[in-house]
Amino acid sequence: MQMKKIILVLLAASAISARAADAAKTNSPSADTNAPAKNDAATIPDATHKPIFTTNTVTIAGQRVTYIAETGMLPVLKDDGSTRASVFYVAYTRTGTADKSSRPITFCFNGGPGSSSVWLHLGALGPRRVKMNEDGTLPKQPFGLVDNEYSILDNSDLVFIDPVATGFSRAAKDEKADSFFGDEGDLDSVGEFIRLWTTRHDRWLSPKFLCGESYGVFRAAGLADHLSSRYGMYLNGMILVSGVLDFATILNYAGNDVPYPLYLPAYTAAAHFHKKLPPDLQNDLTKALAESRAFAKGEYASALQKGDSLSADEHKKIAAELVRLTGLKPQVIEDNDLRVDEGSFRKQLLHDEGLILGAYDSRITGRDDDPASPYPDFDPSDAAVLGPFSAAVNSYVRSELKFEDDLPYEIIGSVQPWNYGAKNNYASSGQKLASTMNQNPYMKILVLGGRCDLVCPIDTVHYALDHMALDPNYRTNITYAEFDAGHMMYINLPDLKKLHMDVENFLKP
């Protein structure tokens, strides 16, 4: 069966094609002052430029928090000390901390590969957030920023990292940018950034956490292993947001039936939101999800394993249950041979109303431009965030953070093709994570996932974690939290409030 995925790589919000304008003129912060350079024939910003410091306050959970924002570029160094690339970052440090060794520091990044950190930065964790409608839908213009009273800056200092070719981060002159575009090169460069930032800011004794979203979860798992083996840097914990650890759980290529049962609970949640389930399930989401997961792990997975040996009676029974749990018409189930991918589901659930569902957030719908097409031609949930976040970050870095540069801030950088380091199999970072946890039994994991995420459903990462070769005694170090919305659950205000509480509890010693 021909399967179509709208996401071949896990962008944290947008699949737009972004181009790095290497020849663009810039006005980078001067190496001599912290003021923007004026009327200079500038070059691509690099790590020789001094960081810019601004002081501000935000009220979090009713408490006024004063912080210093540090915005700048840090080098990725070669063994001889020369610079391979300059990485853009924004770091927030709470003032008044007498003992750095007791203050947590969390390094944050999104995914893609090719995404900047803007989504976690201005959507969830930083002291400012993009102003969205409370349910996460697109607000009317003009777009803007508001104080983030649910930032985690009250509990942890924060460093937001834009990997090479994203944000303002660029490879050094004469360096091949594509050497960073792969699992190994990515871990080397991001790992070197974390080491150097930690060293320059005297934070080696601080509790250290990683927070990654989407492909950033894959990166975080690899970084935990890389940081410990390369630098002896042990982590206290990781926050894994809407991510992937094993690509076999999300890529439903021919011959791989693993994703279909794992996506089923997300279909059930979406159908429940749009009131397409039968009455007994529609009245009780908890029951609906429990039934969906039990069926997915049991009869459904077993039926798919049988392939063409599945009897006609068994096929009929499985099809009827899929109709019940997805809200789809029987013909859709039959046309897809019991294997409905997310593109078909997004297209068909509200087809009669002329609507398509979002991939990142299936609660959000859009008008179907081409009803005759078998798949949606855009993602309404992507369209809801791209404009507001783009306007916000381009304004914020220049106005409030005082970082001036004429290069485009690459929300989504051009980093393809990406070398996942996998040969004749699906890329996976689960065993790296298991090895790290077996060696560092105090490292904790918090898994956050939205029930309406059709890009990285939480059941896919749960499956990957359940299949790691991990000492059973350490499985209690892994906790899960589910949310009502999708991939970027934090754009939904009730979910953002819950996220703050979950992360606050996680960060406590």
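The following refers to the structure shown. A quick note: this is a predicted structure, and the numbers were derived from the prediction, not measured. (Residues numbered from 1 in each chain as written. Predicted model: local features only at pLDDT ≥ 70, side-chain atom pairs only at ≥ 80, totals over all residues. Heavy atoms only, no water.)

### Overview of unusual backbone geometry
Just so we agree on the cut-off: Think of it this way: any DSSP run of H or I at least four residues long counts as a helix, any run of E at least two long counts as a strand, and we number them from the N terminus. Each residue is placed in one exposure class: buried if its accessible area under a 1.4 Å probe, protein chains only, is under 20% of its type's maximum, exposed if it is over 50%, and partly exposed if it falls in between.
The step from Gly112 to Pro113 runs through a cis peptide bond, and the omega angle for that step is -5 degrees. Note on placement: Pro113 falls in the loop between β4 (105–109) and α1 (118–125). Look at the link from Gln416 to Pro417: it is a cis peptide, with omega at 5 degrees. One non-glycine residue, Asp174, lies in positive phi territory at about 75 degrees. Within the fold, Asp174 resides in the loop between β8 (170–171) and α2 (183–200). Asp174 gets classed as exposed once you look at its relative accessible area, which sits at 73%. Phi at Ser242 takes a positive value of approximately 45 degrees, unusual for a residue other than glycine. Mapped onto the secondary structure, Ser242 falls in the loop between β10 (237–241) and α4 (259–273). Residue classification places Ser242 among the buried residues on the basis of a relative accessible area of 2%.

### What to know about α4
Put simply, the rule is: Helix span, as expected, comes to 1.5 Å for every residue beyond the first. Take the seven residues that end at a residue and the seven that start at it, fit an axis to each, and the angle between those axes is the bend at that residue.
In a regular helix each residue adds 1.5 Å, so 15 residues correspond to 21 Å; α4 covers 22 Å between its end C-alpha atoms and thus fits that length. Maximum bend of α4: about 30 degrees, positioned at Pro265. With 14 of 15 residues buried, α4 is to be regarded as a mostly interior element. Phi turns positive, to about 60 degrees, at Lys275, one or two residues after α4.

### Brief notes about the pairing of strand β3 (residues 83–94)
Stated formally: Paired strands, in this sense, are two strands between which DSSP finds at least two bridges.
Counting buried positions over the twelve residues of β3 gives ten, a clear majority of the element. Note that strand β2 (residues 63–77) and β3 share eleven bridges and pair antiparallel. Bridge pairing in β3 links Met73 to Phe88. Between β2 and β3, which pair antiparallel one after the other, the connecting turn spans five residues, and Gly81 there sits at a positive phi close to 90 degrees.

### A look at the nonpolar core
So the rule is basically this: By nonpolar core we mean a set of buried residues, namely Ala, Val, Leu, Ile, Met, Phe, Trp, Tyr and Cys, connected to one another through side-chain atoms within 4.5 Å. By definition in these notes, contact holds between two residues if any of their heavy atoms fall within 4.5 Å.
Formed by 91 residues in total, the largest nonpolar core has its most connected members in Ile194, Met238 and Leu433. At nine residues, helix α3 (residues 215–231) tops the list of elements feeding residues into this core. In this structure Ile194 touches Phe107, Ile161, Leu210, Leu223, Leu227 and Met233, once residues within four positions along its chain are discounted. Membership of the second largest hydrophobic core comes to 56 residues, among which are Val130, Met132, Leu401 and Phe483.

### Structural notes on the pattern of salt bridges
The criterion, for reference: A pair is scored as a salt bridge if a Lys or Arg side-chain nitrogen falls within 4 Å of a carboxyl oxygen belonging to Asp or Glu.
Applying the stated rule across the entire model yields 26 salt bridges. Asp257 is the partner of Arg339 in a salt bridge, and the nearest nitrogen-oxygen pair spans 2.9 Å. In this pair, Arg339 sits in the loop between α8 (330–335) and α9 (342–348) while Asp257 sits in the loop between β10 and α4, placing the two residues 82 residues apart along the sequence. Look at Arg339 and you get buried, because its relative accessible area is 13%. A residue is classified by how much of its surface remains accessible, and Asp257, at 25% relative accessible area, is partly exposed. For Asp280, the salt bridge goes to Lys287, with nearest N and O atoms at 3.3 Å. Using a relative accessible area of 31% as the deciding quantity, one classes Asp280 as partly exposed. Note on Lys287: relative accessible area 36%, which makes it partly exposed. Connected through shared salt-bridge partners, Asp280, Lys287, Glu291, Glu321 and Arg324 make up one network.

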